Amino acid sequence: MAVMRRTGGHLLVQPLPDEHLFSVIARHHLVSAGRTAVDTLNRLDIEPGPLRSQNVFNAAFHSAVPSLAAGLGMSPGELVRRHSLLPLYRIALPANVLSTWEKRWEIGDDASDDAIATLNPNVLCHDASWRYCPRCAEEDVLRHGVEYWHVLHQIPGLERCPLHAVPLRGRCPSCGFSQLKLNDLTLPRPRCGCEPERSLSSALPWDEWLGALLFRLRDAEGVSVEAIVKMLSEVLDLPHPLKVRDRPATAERLKRIEARTGEASLARIFHFYRTEGATFRGRARPNIVWTSLAESFGAARHPLYFLVLLWSLRLTPDQVAAGSADVSEGATLPAASAGLPAAAASETSSRRSGDRQ
Ligand SMILES: [Zn+2]
Ligand SMILES: [Zn+2]
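From a predicted model like this one, the values you see are computed outputs, not experimental measurements.

Focus: the overall build of the chain
At step 1: Helix and strand content of the chain: 15 helices and 2 strands.
At step 2: The buried share among the 357 residues of the chain stands at 42%.
At step 3: Here the analysis covers contacts within the chain between residues at least 6 apart in sequence; of these, 72% occur between residues at least 24 apart.

A short note on the environment of Leu-309
At step 1: As for its position among the elements, Leu-309 is in helix H13 (residues 303–312).
At step 2: Using a count of 24 C-beta atoms within 10 Å as the deciding quantity, one classes Leu-309 as buried.
At step 3: Leu-309 sits 21 residues away from Ile-288 along the chain, and the two C-alpha atoms are 8.4 Å apart.
At step 4: Those residues in contact with Leu-309 that lie beyond four places of it in its chain are Leu-232, Ile-257, Val-289 and Ser-292.

Considerations on helix H7 (residues 134–144)
At step 1: Of all the residues in H7, the buried ones are Cys-136, Ala-137 and Asp-140. The buried side chains of H7 occupy one side of the element, clustering within an arc of 100° when seen end-on. Turned more than 90 degrees from where H7 packs its buried face, Glu-138, Val-141 and Leu-142 sit exposed.
At step 2: Directly after H7, the chain includes Gly-145, whose backbone phi takes a positive value near 80°.

A look at the packing of helix H3 (residues 59–72) against helix H4 (residues 76–83)
Two quantities define a packed helix pair, namely the angle between the axes and the distance from one axis to the other.
At step 1: Closest axis-to-axis distance for the H3/H4 pair is 9 Å, and the angle between their directions is 105°. As the angle between them shows, H3 and H4 are arranged roughly perpendicular. Facing Val-65, Pro-66, Leu-68, Ala-69 and Leu-72 of H3, the residues of H4 in contact are Pro-76, Leu-79 and Val-80.
At step 2: Broken down by class, the residue content of the contact of H3 with H4 amounts to 8 nonpolar, no polar and no charged.

Examining the confidence of the model for the chain
At step 1: Chain-level statistics for the chain give a pLDDT mean of 84 and a share of 82% at 70 or above.
At step 2: Put simply, helix H15 (residues 345–356) is where the chain has its lowest mean pLDDT, 36, and H7 is where it has its highest, 97.
At step 3: A low-confidence stretch, residues 1–7 (pLDDT under 50), is modelled with 11 contacts involving residues beyond four sequence positions or located in other chains.
At step 4: Confidence over residues 335–357 falls short of pLDDT 50; this stretch has 42 contacts with residues more than four positions distant or in other chains.

A look at the environment of Ile-228
At step 1: Its place among the elements puts Ile-228 in helix H9 (residues 225–235).
At step 2: Given 24 C-beta atoms within 10 Å, Ile-228 falls into the buried group.
At step 3: Along the chain, Ile-228 and Ala-321 lie 93 residues apart, while their C-alpha atoms are 9.1 Å from each other.
At step 4: Other than its neighbours up to four places away in sequence, Ile-228 contacts Ile-91, Phe-306 and Gly-323.

A short note on the nonpolar core
At step 1: Counting residues in hydrophobic clusters, the biggest one holds 87 residues, and the most contacted among them are Ala-64, Leu-68 and Leu-309.
At step 2: Mapped onto the domain boundaries, this core takes at least three residues apiece from domain 1 (21–118) and domain 2 (224–356).
At step 3: Leave out the neighbours within four places in its chain, and Leu-68 touches Leu-11, Leu-21, Val-24 and Leu-79.

Thoughts on unusual backbone geometry
At step 1: Note the cis peptide between His-240 and Pro-241, where omega equals 0°.
At step 2: Inspection of the secondary structure assignment puts Pro-241 in the loop between H9 and helix H10 (247–261).
At step 3: Even without glycine at this site, Leu-185 takes up a positive phi of about 55°.
At step 4: As for its placement among the helices and strands, Leu-185 is situated in the loop between H7 and helix H8 (204–217).
At step 5: Judged by the 20 C-beta atoms lying within 10 Å of it, Leu-185 is buried.

A few points about H13
At step 1: In terms of burial, H13 is largely enclosed, as 10 of its 10 residues are buried.
At step 2: Pro-303, Leu-304, Tyr-305, Phe-306, Leu-307, Val-308, Leu-309, Leu-310, Trp-311 and Ser-312 are the residues of H13 that are buried.
At step 3: Arg-314 sits one or two positions beyond H13 and adopts a positive phi of about 60°.

Remarks on the environment of Ile-46
At step 1: As for its placement among the helices and strands, Ile-46 is situated in the loop between helix H2 (37–43) and H3.
At step 2: Residue Ile-46 is classed as buried on the basis of its 23 C-beta neighbours within 10 Å.
At step 3: Expressed as a C-alpha distance, the spacing of Ile-46 and Ala-64, which sit 18 residues apart in the sequence, is 5.4 Å.
At step 4: Excluding residues within four positions of it along the chain, Ile-46 makes contact with Leu-41, Ala-60, Ser-63, Ala-64 and Ser-67.

What counts, and where the lines are drawn
Residues numbered from 1 in each chain as written. Chains lettered and ligands numbered in written order. Predicted model: local features only at pLDDT ≥ 70, side-chain atom pairs only at ≥ 80, totals over all residues. Helix = DSSP H or I, 4+ residues; strand = E, 2+ residues; numbered from the N terminus. Buried ≥ 20, exposed ≤ 12 C-beta atoms within 10 Å, placed from the backbone. Contact = placed C-beta atoms within 7 Å. Arc of directions from axis to C-beta. Axes fitted to C-alpha atoms, helices over the stretch in contact; angles between N-to-C directions. Parallel < 35°, antiparallel > 145°, perpendicular 65-115°, else oblique. Nonpolar A, V, L, I, M, F, W, Y, C, P; charged D, E, K, R; others polar. pLDDT = per-residue confidence, 0-100. Core = buried A, V, L, I, M, F, W, Y, C linked by C-beta atoms within 7 Å. Domains from an automatic or database assignment.

Okay, structure coming up:
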């Protein structure tokens, strides 16, 4: 329920470049000596709830936006644009939801909206913990005297720092440790004694593309799921809007995307590509082309659905930000097996295409 709030208590710190807004709270907590984390959150009028690295839907995030904006003397729009994943999540959000949120932040109302919080993360297997790059942390200490949580490193599906090409520290592959909430208001530092994993399956171009896209979208206007769906429909040569009778055509496009991207790569993001064969929990695997293009209004898809499709189609950050791609080159989706390379990609896709004969 909407409650007017925000008295605008001032913050003791200013946000650093690319700093996540929850990290600003963590540094504020650090210098406001003697308080507990709960006390700091209460004083800032943050609604109870987990402070998650990627969630822009919950009450804690939405109450933090107007409170921090007032405390920092920034507009809420500028705060979420520079200091949260919202610019990236715009690709999965309906325009009317975005404008409703923006209006509520402006009047100091926390704007969590349960109706839209239907991202269905249960089918996703990416690392949703708080993550940092050890090299960025070193540079931050030299430059700013403190390490902090970057928005960049929280991008869902990102595995390496796009700036340093080193694995991000997040969910520990050895002991399973992961920091899913930042409610203790701590800053990045190693939390378990394990050596970080050295070899990763992800290709750096995917990580670089994700990073470039986030930065590009910070300055883009008018990006919403409607624009992204329209662009994807054009590039995939599918009708817009889709009708039920178009479903077989989406299945055909999906086969080509799977062949091009590699199922091993998709398996790092979607649980249903980790299973043998084309079933998942006793049913046909979700068709991510159909679900993203036909079922994304009213019930928001996780942005990873769109990110995977946009990446598979080789759309550039500029094209995504503009909401249009030049499709005059004709075939935009050849059945190539390149993309998100992974060791087992070609093997898996050739085996599966053989199965389908
Ligand atoms: Zn880095
Ligand atoms: Zn560990």
